[in-house]
Amino acid sequence: MTDPTRITHWIGGKSWDGEAERVGDVYDPATGAVSGRVDLAAPAEVDAAVAAARGAFAEWRNASLTKRTQVLFAFREILSARKEEVAAAITAEHGKVLSDAVGEVTRGLEVVEFACGIPHLLKGGFSEGVSTNVDVYSIRQPLGVTAIISPFNFPAMVPMWFFPVAIAAGNTVVLKPSEKDPSAALLMAQMWADAGLPDGVFNVVHGDKAAVDRLLEHPDVRAVSFVGSTPIARYVYETGTKHGKRVQALGGAKNHMVVLPDADLDLVADAAVNAGFGSAGERCMAISAVVAVEPVADELIAKVKERIATLRTGDGRRGCDMGPLVTRAHRDKVASYLDAGVADGAELIVDGRAVEADGDPAGFWLGPTLFDKVEPQMSIYTDEIFGPVLCVMRVDSYDAALQVVNNNPYGNGTAIFTNDGGAARRYQNEVEVGMVGVNVPIPVPMAYYSFGGWKNSLFGDTHAHGTEGVHFFTRGKVVTSRWLDPSHGGINLGFPTQT
Ligand code: NAD
């Protein structure tokens with residue numbers, strides 16, 4: 001067995017050469033082995049990263065749009081060419097299968113491509129002659145140092161929801177990735193350097209609560225983009241705003257797929273399996289509850305069960321369909337819900353604990369799990385499980401299905417499956433969820449739209465990327481201008497009005 005690799009911070013364009021007071025273990029979830037030891041930042045290291053970002057701001061904000069977009073395009077080319085390398089690092093620390101990891105990087109690249117169009121996105125308005133010889137125009141300017149705090153489940157894509165736009169708009173960044181899978185962030189830091197980004201514009205500090213708390217209170221951090229579980233998102237939002245920062249905090253989810261009786265159940269079963277078990281259910285847009293409007297449940301469950309039997313769970317490097325969970329503790333927590341569901345009276349149709357994984361026995365395995373007859377008060381429904389556990393709920397009508405979805409405190413994503421255009425249109429209008437799929441199980445918006453949920457799935461006013469992202473990372477200014485000539489003379493203490 002090889003010694004664990006040291007994983008450290010990236011500050012001011014290079015690896016940190018200090019000695020960490022605390023370190024954390026990073027696992028290969030498919031073997032259970034400790035593959036890395038990540039330095040966990042103390043406040044002093046966070047301060048060093050923020051100082052580097054602050055030092056780089058003046059030059060970067062004043063770099064021309066042409067220069068900034070050249071760097072963005074170069075980063076895009078490098079990341080695109082080295083996609084597989086980033087994907088391999090994700091699979092090695094997160095466990096998701098390689099093809100899924102490549103998909104993650106590709107979705108992140110979309111935001112980079114969106115940010116390459118920043119000159120157009122930053123265009124302001126201009127009104128000539130609002131008063132005699134007076135013009136008004138609007139501009140958007142960067143904020144300064146921005147912090148990004150990201151979760152384990154998308155170590156490349158989620159940071160890329162934010163940093164391409166932040167950097168393109170002229171800000172500097174301190175990224176604190178999840179300490180569970182920290183390496184993808186460092187690969188991207190090196191790529192920024194190779195793309196010609198000036199030192200200090202993009203920094204990475206690794207760490208846990210101590211690092212997050214320092215970022216939230218640091219007087220030089222202007223904005224915080226957070227993604228993670230709902231309790232921490234709420235905490236980050238409340239703490240960050242208390243310290244005067246602009247905060248967008250995306251939280252947890254419980255996503256429902258409503259199936260109407262007219263839907264094609266083969267296509268629905270495919271979609272439910274893909275969206276329920278892809279990335280072992282560790283996606284914030286995973287489907288975790290199928291709300292079947294009777295009489296479809298029996299037939300649908302049979303079809304889902306058939307498909308589950310064909311899935312191969314195993315090491316993500318071996319061409320399997322589904323990988324392990326991220327840590328042993330998370331695997332055990334998810335597995336504990338299987339007992340809880342049975343104790344609460346749900347019917348366990350497929351038990352993922354019985355899986356024979358194609359991988360090291362010490363890996364963090366749990367196979368696809370299917371529950372039927374799940375009721376709203378059961379913990380397998382009330383809690384965000386974040387694992388390969390799909391719950392089927394049976395209801396009698398569209399209205400009852402809508403009520404289930406709208407009564408849920410989360411509002412990240414949802415999908416309706418039907419061939420009835422009127423019903424789909426009604427659902428998109430009535431459902432209290434931020435991202436809706438019509439016959440699309442994981443409706444993650446393209447980069448030029450904005451990503452974000454409602455209710456307990458997002459704290460703050462602004463969603464990620466798209467025009468909302470550009471607004472988050474800039475602030476507006478309006479200039480009223482005239483070039484004086486003799487006609488402007490004279491004393492008048494009245495409030496200015498147009499003439
Ligand atoms: P998490 O909340 O445990 O961690 C997220 C980040 O917060 C990490 O960087 C972590 O180091 C930090 N953190 C952890 N505990 C903290 C504390 N006490 N104080 C301050 N910071 C702390 O989430 P996770 O387990 O890494 O990721 C899974 C969660 O993220 C799920 O709930 C999932 O739904 C959510 N998620 C949401 C979205 C979305 O778009 N809404 C996207 C991806 C993931």
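Refer to the structure printed above.
Residues numbered from 1 in each chain as written. Predicted model: local features only at pLDDT ≥ 70, side-chain atom pairs only at ≥ 80, totals over all residues. Heavy atoms only, no water.

S.K.: So what about a positive patch on the surface? Which residues, and what values?
M.R.: A cluster of basic side chains, namely Arg 61, Arg 222, Arg 246, Arg 475 and Lys 477, defines a positive patch on the protein surface. Inspection of the secondary structure puts Lys 477 in strand β23 (residues 474–482). For Lys 477, a relative accessible area of 41% gives the class partly exposed. (Patch = residues over 30% accessible without salt bridge, like charges linked within 9 Å, V, L, I, M, F, W, Y side chains within 5 Å. Areas by Shrake-Rupley, 256 points an atom, 1.4 Å probe, with all protein chains shown as cover. Salt bridge = Lys/Arg side-chain N within 4 Å of Asp/Glu carboxyl O. Lys, Arg positive; Asp, Glu negative; His and termini not counted. Charge placed at Lys NZ, Arg CZ, Asp CG, Glu CD. Helix = DSSP H or I, 4+ residues; strand = E, 2+ residues; numbered from the N terminus. Buried < 20%, exposed > 50% of the residue type's maximum accessible area, 1.4 Å probe, protein only.)

S.K.: Any details on the environment of Gly 411? Residues and values, ideally.
M.R.: Tracing the chain through its elements places Gly 411 in strand β18 (residues 410–411). According to the relative accessible area criterion, Gly 411 is buried, its value standing at 1%. When near neighbours in sequence (up to four residues on either side) are disregarded, Gly 411 contacts Glu 432, Val 433, Gly 434, Gly 453, Trp 454, Lys 455 and Ser 457. (Contact = heavy atoms within 4.5 Å.)

S.K.: Mind laying out the site of the ligand, listing which residues take part and the relevant values?
M.R.: Surveying the vicinity of the ligand reveals 27 residues, the closest of which are Ser 150, Glu 179, Ser 229, Gly 251 and Glu 384. Contact between the ligand and Glu 384: an oxygen atom at 2.6 Å from a side-chain N or O atom of the residue. Relative to its free-state accessible area of 850 Å², the ligand is covered by the protein chains to the extent of 88%. For the shell around the ligand, the secondary structure elements donating two or more residues are α8 (209–217) and β11 (221–227). Counting only domains with at least three residues in the shell around the ligand, you end up with domain 1 (5–251 + 457–478) and domain 2 (255–438). (Near = heavy atom within 4 Å. Polar contact = N/O pair within 3.5 Å; in protein donor to acceptor, adjacent residues only side chain to side chain. Domains from an automatic or database assignment.)

S.K.: I'd like to hear about the side chain of Asp 39, residue by residue, with values.
M.R.: Following the sequence through the fold, Asp 39 ends up in strand β5 (residues 33–40). Sequence-distant contacts of Asp 39, that is, excluding residues within four places in its chain, are made with Arg 6, Ile 7, Thr 8, His 9, Trp 16, Ala 20, Arg 22, Val 23, His 206 and Gly 207.

S.K.: Describe the packing of aromatic side chains, with residues and values.
M.R.: Under the counting rule described, the total for this entry stands at 13 aromatic pairs. Measuring from centroid to centroid gives 4.9 Å for Phe 163 and Phe 202, while their planes differ by 65°, and the two rings are edge-to-face. Of this pair, Phe 163 sits in helix α6 (residues 157–168) while Phe 202 sits in strand β10 (residues 202–204); the two residues are 39 residues apart in sequence, bridging distant segments of the chain. Assigned by exposure class, Phe 163 and Phe 202 land together as buried. Considering the side-chain rings of Tyr 398 and Tyr 427, the 6.4 Å spacing of their centres and the 80° angle between planes classify their relative orientation as edge-to-face. Pair noted here: Tyr 398 is in helix α14 (residues 398–407) and Tyr 427 is in helix α15 (residues 421–430), with a separation of 29 residues, a long-range link. Exposure remark for Tyr 398: the relative accessible area of 12% places this residue in the buried category. (Phe/Tyr/Trp six-rings, centres within 6.5 Å; stacked < 30°, edge-to-face > 60°.)

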